[in-house]
Amino acid sequence: MNRGTRAELISHLVAGIDSRKASHPIRVAVDGPPAGGKTTLADEVGEGLRERGRQVIRACVDDFMVPVERRYWRGRYSAEGCYFDAHDWVGVCRFLLDPMGPGGDRRVRRTVGGGEFTAPPDAVLLFDGVFLLRPELVARWEMSIFVSVPLELTVGRALERGAGVGEIERSWRERYIPAQEFYYAKDRPADHADVVVFNEEFGRPGWVSR
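Residues numbered from 1 in each chain as written. Predicted model: local features only at pLDDT ≥ 70, side-chain atom pairs only at ≥ 80, totals over all residues. Heavy atoms only, no water.

Novice: Explain the overall build of the protein to me, please; I cannot follow it from the model alone.
Specialist: For the protein, the helix and strand inventory stands at 8 helices and 9 strands. Dimensions of the protein along its principal axes, counting C-alpha atoms only, are 45 × 40 × 30 Å. Taking all 210 residues of the protein together, 50% fall into the buried category. Taken as a whole, the protein presents about 9,600 Å² of accessible surface, with 51% of it coming from carbon and sulfur. The centroid of the 30 positive side-chain charges in the protein is displaced by 3 Å from the centroid of its 31 negative side-chain charges. (Helix = DSSP H or I, 4+ residues; strand = E, 2+ residues; numbered from the N terminus. Buried < 20%, exposed > 50% of the residue type's maximum accessible area, 1.4 Å probe, protein only. Areas by Shrake-Rupley, 256 points an atom, 1.4 Å probe, with all protein chains shown as cover. Lys, Arg positive; Asp, Glu negative; His and termini not counted. Charge placed at Lys NZ, Arg CZ, Asp CG, Glu CD.)

This is the structure in structure tokens:
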């Protein structure tokens, strides 16, 4: 495993993405648990790619949430509901990933109800979120990054972010953490990722590239 500064990690990821070649946009997954640092990492990588002159499209799985009545039909704290029911995976593929893939027309939307635009053929999509290396998505990425953080550490990070301490902790312990454990056991995301980033120490991360 490599371990270095934050800047060294970002430089490594930017170089890896920039070296990918395809006749369509490069689709990059930034996967990992809630409060693991996925969004921050994707934003940092995006800035590095822009400095190299690449056109970056940022999107997030949280912009593909399904309506509340569908999201919680198994129960508000259901771990399986979090994995299976919370996001519109068909919409992610239909409106974003497939149009950017081989043979796609590059007419995309960042959200199901968002405005449509044409992605440049040399663009890079940086898409962050949970459960991105599930079976129906894993083959759709040109590169995938899995952000690994001890799940107990994510509870503390989540509590630092906002109010409603009791509700946040219950959601993490009864829904989000068990959903991640289910995902790890079922889909083994770290085994499929091109790069695993160990993000427990923000200023001195570790990483393994395959």
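Still more to cover.
Novice: Before we go on, may I ask you to explain the side chain of lysine 38 in this structure?
Specialist: Here lysine 38 shows up in helix H2 (residues 38-51). Of the side chains with opposite charge, aspartate 128 comes closest to the buried, unpaired lysine 38, at an N-O distance of 5.5 Å. Excluding residues that lie within four positions of it along the chain, lysine 38 makes contacts with Val30, Asp31, Gly32, Pro33, Asp128, Gly129, Val130 and Val147. (Salt bridge = Lys/Arg side-chain N within 4 Å of Asp/Glu carboxyl O. Contact = heavy atoms within 4.5 Å.)

Novice: What exactly am I supposed to notice about helix H5 (residues 89-100) here?
Specialist: Because each turn of an α-helix spans 3.6 residues, side chains separated by three or four positions in sequence point in the same direction. Taking 1.5 Å per residue as the helical rise, H5 with its 12 residues ought to reach 16 Å, and the 15 Å between its terminal C-alpha atoms agrees with that figure. With respect to burial, H5 is a largely interior element, 9 of its 12 residues being buried. Considered for burial, the residues of H5 that qualify are Trp89, Gly91, Val92, Cys93, Phe95, Leu96, Leu97, Pro99 and Met100. Packed against the buried residues of H5 are strand S2 (26-31), strand S3 (56-60), helix H4 (79-85), strand S4 (107-108) and strand S6 (124-129). (Expected span 1.5 Å × (residues − 1).)

Novice: Would you explain the packing of helix H1 (residues 6-18) against H2 in this entry?
Specialist: Helix packing geometry: the angle between the two helix axes and the distance between the axes. Interhelical geometry of H1 versus H2 gives an angle of 65 degrees and a closest axis separation of 9 Å. Our pair here, H1 against H2, has a crossing hand that is right-handed. For the pair H1 and H2, contact is made by Arg6, Leu9, Ile10, Leu13, Val14, Ile17 and Asp18 and by Thr40, Leu41, Glu44, Val45, Gly48 and Leu49, respectively. (Axes fitted to C-alpha atoms, helices over the stretch in contact; angles between N-to-C directions. Left-handed = near helix turned anticlockwise from the far one by under 90°.)

Novice: How should the environment of valine 196 be read in this particular structure?
Specialist: On the secondary structure map, valine 196 appears in strand S8 (residues 195-198). Ignoring any residue separated from it by four or fewer positions in sequence, one finds valine 196 in contact with Phe146, Ser148, Ala190, Gly206, Trp207, Val208 and Arg210.

Novice: Hey, could you run me through helix H6 (residues 151-161) in this one?
Specialist: Along H6, the residues classified as buried are Leu151, Thr154, Val155, Arg157 and Ala158. Tucked into the core, H6 has its buried residues touching helix H7 (165-187).

Novice: I would appreciate a short explanation of the packing of H6 against H7 in the present structure.
Specialist: Across the interface, H6 lies against H7 with an axial gap of 10 Å and an inter-helix angle of 150 degrees. As judged from the angle between their axes, H6 and H7 are roughly antiparallel. The hand of the H6/H7 crossing is right-handed. Along the contact surface, H6 presents Leu151, Glu152, Thr154, Val155, Ala158 and Leu159, while H7 presents Val165, Ile168, Glu169, Trp172, Arg173, Ile177, Gln180, Glu181 and Tyr184. Partitioned by chemical class, the residues of the contact of H6 with H7 number 9 nonpolar, 2 polar and 4 charged. (Parallel < 35°, antiparallel > 145°, perpendicular 65-115°, else oblique. Nonpolar A, V, L, I, M, F, W, Y, C, P; charged D, E, K, R; others polar.)

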